[in-house]
Amino acid sequence: MWLALLLVLWVFVGYMLAQALLIAVLWVATQLGVSFGQVGQAVLSTVLSAAVYLLSLLIVLGMPWLLKRRRTTKQELGLSRLPTWKDIGLAPAGFVVYLVGSVVLLAVVSTLIPAIDMDQVQQNGFENIGHRYEYVLAFVTLVVIAPVAEEVLFRGYLYGKLRSKVPVWVAILLVSGLFAAIHGQWNVAVDVFALSIVLCILRELTGSIWSGILLHMLKNGVAFYFLFVSPMIV
């Protein structure tokens, strides 16, 4: 069990270290007189988000190989095959299960801990955008980059490693707990905890993360519509 906890800690440290490195780079750049004032918010958010995910994957997957030659296989990542029609069909079914689970879990948590603000708006780095290219960047970042990177890191690497060390239900809870924790806000954490449980189950049912990637994209795509598209229509 202690190896499983170390794995969870390692992924958390790798994710946080990637953010710390980027913050340090930005600080050094500003000290050297580099100004980011001319860079749009959407562009900067997209670049930073992609960089955080890329660095996280390089640290988490790369450091064990560099230090101890511990390779992570495609099988462990859930990427040993191409997506199938089964993966595609399970994604919308999983979305329905996730919605029901999220509503139930949010209701339970809000009842048990009424002090939590379940209506708190999630900060996604794309507030106050207005140009068409900014919406495109927001879509690419939130609906494409984030789901793929997060599935590879959490339901791929972490779940794939934990699966051989602890029972399935323990692996699901550990992955989902960490995934919720890195999102910070309580209301968002509860929602993505429910999402992660479904994503882990899909990984277990299919042996890959493709269905989870599609479900994650679908979930973020729906959120993108209500956050950015629907207000413009109204």
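Report on the accompanying structure. (Residues numbered from 1 in each chain as written. Predicted model: local features only at pLDDT ≥ 70, side-chain atom pairs only at ≥ 80, totals over all residues. Heavy atoms only, no water.)

Let's talk about the pattern of salt bridges
What counts here: Every case where a carboxyl oxygen of Asp or Glu lies within 4 Å of a side-chain nitrogen of Lys or Arg is listed as a salt bridge. Each helix is a run of H or I in the DSSP string that is no shorter than four residues. Each strand is a run of E no shorter than two, and both are numbered from the N terminus. We call a residue buried when its accessible area falls under 20% of the maximum for its residue type, exposed when it is over 50%, and partly exposed in between, using a 1.4 Å probe and counting protein chains only.
Taken as a whole and judged by the stated rule, the model has five salt bridges. Of the charged contacts in the structure, one is a salt bridge between Asp191 and Lys219, with a shortest N-O distance of 3.5 Å. With Asp191 in helix α7 (residues 186-206) and Lys219 in helix α8 (residues 210-233), the pair connects residues that are 28 residues apart, well separated along the chain. Lys219 shares its class with Asp191; the two are buried.

A closer look at the packing of aromatic side chains
Rules: Stacked, edge-to-face and tilted are the three classes for Phe, Tyr and Trp ring pairs, Trp counted by its six-membered ring, which pair at centre distances within 6.5 Å; planes under 30 degrees apart are stacked, over 60 edge-to-face, the rest tilted. For a lysine, the NZ atom is tested; for an arginine, the CZ atom; a charge sits over a ring if that atom is within 6 Å of the ring centre and within 35 degrees of the ring normal.
Overall, the coordinates contain six aromatic pairs when judged by the stated rule. Measuring from ring centre to ring centre gives 5.3 Å for Phe139 and Phe224, while their planes differ by 80 degrees; the resulting arrangement is edge-to-face. Residue Phe139 is found in helix α5 (residues 132-162), and its partner Phe224 is found in helix α8; the two are separated by 85 residues along the sequence. Judged by its relative accessible area of 37%, Phe139 falls in the partly exposed class. Aromatic pair Phe154 and Phe179: ring centres 5.1 Å apart, planes at 65 degrees, arrangement edge-to-face. Here Phe154, found in helix α5, pairs with Phe179, found in helix α6 (residues 168-181); they are 25 residues apart in sequence, far enough to count as distant. Here the basic side chain of Arg155 rests over the ring of Phe179, its NZ or CZ set 4.1 Å away from the ring centre.

Some words on the environment of Val11
For the record, the criterion: Any two residues having at least one pair of non-hydrogen atoms within 4.5 Å are treated as being in contact.
Structurally, Val11 can be placed in helix α1 (residues 2-31). Taking the relative accessible area as the measure of exposure, Val11 reaches 0% and is therefore buried. Along the backbone, Val11 and Tyr157 are 146 residues apart, and their C-alpha atoms lie at a distance of 8.9 Å. Residue contacts for Val11: discarding those within four places in its chain leaves Val60, Leu153, Phe154, Tyr157, Leu158 and Leu178.

Here we look at the side chain of Ser56
This is how the line gets drawn: Polar contacts, as used here, are pairs of N or O atoms within 3.5 Å; protein pairs need one atom able to donate a hydrogen and one able to accept it. Residues neighboring in sequence count only if both atoms are side-chain atoms.
Along the chain, the position of Ser56 falls in helix α2 (residues 41-68). The exposure class of Ser56 is buried, given its relative accessible area of 1%. Within the structure, the side chain of Ser56 is placed 2.7 Å from the backbone oxygen of Val52, a separation counted as a polar contact.

Examining α1
Here is the rule we go by: Take the number of residues in a helix, subtract one, and multiply by 1.5 Å to get its expected span.
Spanning 30 residues, α1 covers 42 Å between terminal C-alpha atoms, matching the ideal 44 Å at 1.5 Å per step. Turning to α1, its buried residues are Ala4, Leu7, Val8, Val11, Gly14, Tyr15, Ala18, Leu22 and Ala29. Buried residues along α1 sit in contact with α2, α5 and α6. A positive phi of about 95 degrees marks Gly33, the residue just after α1.

Digging into the nonpolar core
Formally: Throughout, nonpolar core names a set of buried Ala, Val, Leu, Ile, Met, Phe, Trp, Tyr and Cys residues whose side chains join them through atoms within 4.5 Å.
Counting residues in each nonpolar core, the largest one holds 35 residues, and the members touching the most others are Val11, Phe154, Tyr157, Leu158, Leu162, Val175 and Leu178. Residue assignment for this core shows that the elements contributing at least two residues are α1, α2, α5, α6 and α7. With nine residues, α5 is the single largest residue contributor to this core.

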